[in-house]
Amino acid sequence: MDAQLEARIAELAARLRESRRTVAFTGAGISTESGIPDFRGPQGIWKKMRPIELSEFLADPQARREYWRRKIESYPQMRDARPNAGHIALARLHEAGRLQIVITQNIDGLHQKAGLPEDRVIELHGSNAYVACLGCRRRYEWEEVLRFFDAHSAPECPRCDACGGWLKPATISFGQAMPEEATRLAFAEASRAEVMLAIGSSLQVYPAAGVPEQTRRAGGLVAIINNEPTGQDSIAGLLLRGPSGRILTALADRMEQTERLGP
Ligand code: NAD
């Protein structure tokens, strides 16, 4: 690790020790080290295919089938993914009382798998862990839906038993409304945060990308941890360029060492 990055980690550790409320905002980049590709990074999914918007999913049977084809193809990878060093370091910081909330754009559930309590994680873009009806929000498990696809060789997509609405993984697609309560909570947390760690996000997808900006506006420090420039480097009080797993592990190690040794 180069000396400049080490110095910035030391400075961030000092700021975390002073902070009474620290919040992390994570994006797809924190999960690439678990083998889940991001969208806009150099190996991102959007370099290979374009997203299917909710309006297309609703209106066009072919788009709906293609949406489900992609989701079914990537499901085993997401189901089996394990938290990496970055997720584990954030869980350690929480355990040590140094990180109060994680706001995530991710749908992979890896913060919870790393040990963060369910009620400390705000999922802004929903979750891929289950399927929901777009009409009545009734929950379905993946196994039931996969059985449907196995049983129907004709290219159909599943509908809700209760209301007939289309079923879709419980994630937020482009063009779909954000979950109201999670969004409200995320912006409230961002306003209260004395330090905001923005990790592995290109900070381009709004309204989610407005979360770190909110901390900056409210007078808090934004530290951006990403392996390439982001849309909001200009608001960062601290920029740490590099892989999130290594940087966050070094940060958690440093916090633990200094806590043991005293100031
Ligand atoms: P993004 O793809 O726009 O940006 C990811 C950023 O992380 C890029 O700048 C990339 O260079 C950086 N990055 C990749 N690996 C990194 C690493 N190991 N260390 C540090 N930086 C790294 O992602 P976004 O900002 O989260 O926005 C995309 C949307 O994609 C989100 O809304 C999210 O819902 C969704 N998404 C989620 C997952 C997931 O759940 N794991 C995966 C893909 C996309």
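These lines cover the structure that appears in this document, whether it is placed above or below. (Residues numbered from 1 in each chain as written. Predicted model: local features only at pLDDT ≥ 70, side-chain atom pairs only at ≥ 80, totals over all residues. Heavy atoms only, no water.)

### Focus on the site of the ligand
Looking at the ligand, there are 28 residues lining it, with Arg-40, Gln-105, His-125, Ser-201 and Ser-202 nearest. In this structure, a nitrogen atom belonging to the ligand sits 2.8 Å away from a side-chain N or O atom of Glu-33. At a separation of 3.0 Å, an oxygen atom of the ligand approaches a polar side-chain atom of Glu-228. Coverage of the ligand by the protein chains reaches 96% of its 850 Å² of free accessible surface. Residues belonging to the shell around the ligand are distributed by class as follows: eight nonpolar, 15 polar and five charged. (Near = heavy atom within 4 Å. Polar contact = N/O pair within 3.5 Å; in protein donor to acceptor, adjacent residues only side chain to side chain. Areas by Shrake-Rupley, 256 points an atom, 1.4 Å probe, with all protein chains shown as cover. Nonpolar A, V, L, I, M, F, W, Y, C, P; charged D, E, K, R; others polar.)

### A few points about empty space enclosed by the protein
In this approach the atoms are scanned with a rolling probe the size of a water molecule, which exposes any empty space left behind. Tallied over the entire structure, the rule returns two cavities of 30 Å³ or more. Considering only enclosed or pocket space, the largest cavity measures out at about 40 Å³ in volume. Arg-92, Leu-93, Ala-96, Ala-252, Met-255, Glu-256 and Glu-259 are the residues that line the largest cavity. Every element with two or more residues in the lining of the largest cavity is listed here: helix H4 (85–95) and helix H9 (244–261). Ranked by residues supplied to the lining of the largest cavity, first place goes to H9 with four residues. When grouped by side-chain class, the residues that make up the lining of the largest cavity number four nonpolar, no polar and three charged. Taken as a whole, the second largest cavity encloses approximately 30 Å³ of empty space. Residue lining of the second largest cavity: Ile-224, Ile-225, Asn-226, Glu-228, Pro-229, Thr-230, Asp-233, Leu-239, Leu-240 and Arg-241, and that is the complete set. Elements that contribute at least two residues to the lining of the second largest cavity include exactly strand E8 (221–226) and strand E9 (238–241). Considered class by class, the residues forming the lining of the second largest cavity number five nonpolar, two polar and three charged. (1 Å grid on protein atoms, 1.4 Å probe; cavity = no way out; pocket = protein on both sides within 12 Å on 5 of 7 lines; lining within 4 Å. Points joined across faces, edges and corners; volume = space filled by probe spheres on them. Helix = DSSP H or I, 4+ residues; strand = E, 2+ residues; numbered from the N terminus.)

### Let's talk about the sheet that holds strand E5 (residues 139–140)
Across the sheet, three strands lie side by side as E5-E4-E6; this open sheet has antiparallel pairing. The open sheet is flanked by E5 and strand E6 (167–171), the only strands paired with a single partner. Bridging between strand E4 (residues 126–133) and E5 involves two bridges; their strand directions are antiparallel. By the bridge assignment, Ala-132 is partnered in E5 with Arg-139. Strands in contact with helix H3 (residues 61–80) are E4 and E6; relative to E6, the strand with the most contacts, it is inclined by about 50°. Helix H6 (residues 142–151) contacts E4, E5 and E6 of the sheet and is inclined by roughly 60° relative to E4. (Pairing = 2+ DSSP bridges. Contact = heavy atoms within 4.5 Å. Axes fitted to C-alpha atoms, helices over the stretch in contact; angles between N-to-C directions.)

### Re the pairing of E9
Only one face of E9 is covered, namely the face carrying Leu-238 and Leu-240; the face carrying Leu-239 and Arg-241 is uncovered. Alignment of E8 against E9, held across four bridges, turns out to be parallel. When the bridges of E9 are listed, Ala-223 appears paired with Leu-238. (Buried < 20%, exposed > 50% of the residue type's maximum accessible area, 1.4 Å probe, protein only.)

### Observations regarding the pattern of salt bridges
One pass over the full model with this rule turns up 15 salt bridges. With a closest N to O distance of 3.6 Å, Asp-119 and Arg-120 form a salt bridge. Residue classification places Arg-120 among the partly exposed positions, given a relative accessible area of 25%. Ionic pairing is found between Glu-181 and Arg-184, a salt bridge with its closest N-O pair at 2.8 Å. Here Arg-184 and Glu-181 lie together in helix H7 (residues 180–192), a separation of three residues that amounts to about one turn. According to the relative accessible area criterion, Glu-181 is partly exposed, its value standing at 46%. When salt bridges with common partners are traced through the structure, they connect Glu-66, Arg-69, Arg-70 and Glu-73 into a single cluster. (Salt bridge = Lys/Arg side-chain N within 4 Å of Asp/Glu carboxyl O.)

Honestly, that's just the spatial picture; any functional story needs more than this.
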